[in-house]
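Given next are the chains, with one letter for each unit.
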Amino acid sequence: MCPYIGAMKLDLIAISKLSPPGLLDLRDLAAMIVTLQKLVCMPIGTPAHGRLYGRILAQFLRQLHQGKRDNFHLRVKAWVMQCPRRIAFV
């Protein structure tokens, strides 16, 4: 990701350290993804089960990606709201 928006430089380290209210807790979803990845790799069940678990895994990966994106947007918004110059720029 490009750290520049127009002429304003984003401080990605400071943004990643913020924890504004409303952040999604993605730990449970990430743990479920790891479990499903292991399950898909095991030669257990029929090929249909593997395909089913693969589809569920793909859905969870999309949800995780969307959650990370939403959390990043909330952090950027909180970072912008900390400074009047940033608010004026946006």
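All values derive from a computational prediction rather than experimental measurement.

K.L.:
Mind showing me how you'd approach the confidence of the model for the protein here?
P.N.:
When pLDDT is low, close inspection of the predicted coordinates is not appropriate. This prediction gives the protein a mean pLDDT of 86; 92% of its residues lie at or above 70. No element of the protein has a lower mean pLDDT than strand β1 (residues 4-5), at 54, and none a higher one than helix α3 (residues 47-81), at 92.

K.L.:
Got a minute to help me understand the pattern of salt bridges in this structure?
P.N.:
Once their charged atoms are close, side chains differing in charge can pair, the charge on each being opposite to the other. Throughout the structure, instances matching the rule amount to 1 salt bridge. When the shortest N-O distance is used, the salt bridge between R27 and D25 registers 3.0 Å. We classify R27 as exposed; its relative accessible area is 63%.

K.L.:
How should the packing of aromatic side chains be read in this particular structure?
P.N.:
Note on aromatic pairs: each is described by the distance of the centres and the angle between the planes. This structure, assessed with the given rule, holds 0 aromatic pairs. The aromatic ring of W79 is capped on one face by R86, whose charged end is 3.9 Å from the ring centroid.

K.L.:
Even after reading the chapter, I still don't get the side chain of N71, so can you show me in this structure?
P.N.:
Following the sequence through the fold, N71 ends up in helix α3. A relative accessible area of 6% means that N71 is categorised as buried.

Reading the values: the criteria
Residues numbered from 1 in each chain as written. Predicted model: local features only at pLDDT ≥ 70, side-chain atom pairs only at ≥ 80, totals over all residues. Heavy atoms only, no water. pLDDT = per-residue confidence, 0-100. Helix = DSSP H or I, 4+ residues; strand = E, 2+ residues; numbered from the N terminus. Salt bridge = Lys/Arg side-chain N within 4 Å of Asp/Glu carboxyl O. Buried < 20%, exposed > 50% of the residue type's maximum accessible area, 1.4 Å probe, protein only. Phe/Tyr/Trp six-rings, centres within 6.5 Å; stacked < 30°, edge-to-face > 60°. Lys NZ or Arg CZ within 6 Å of the ring centre and 35° of its normal.

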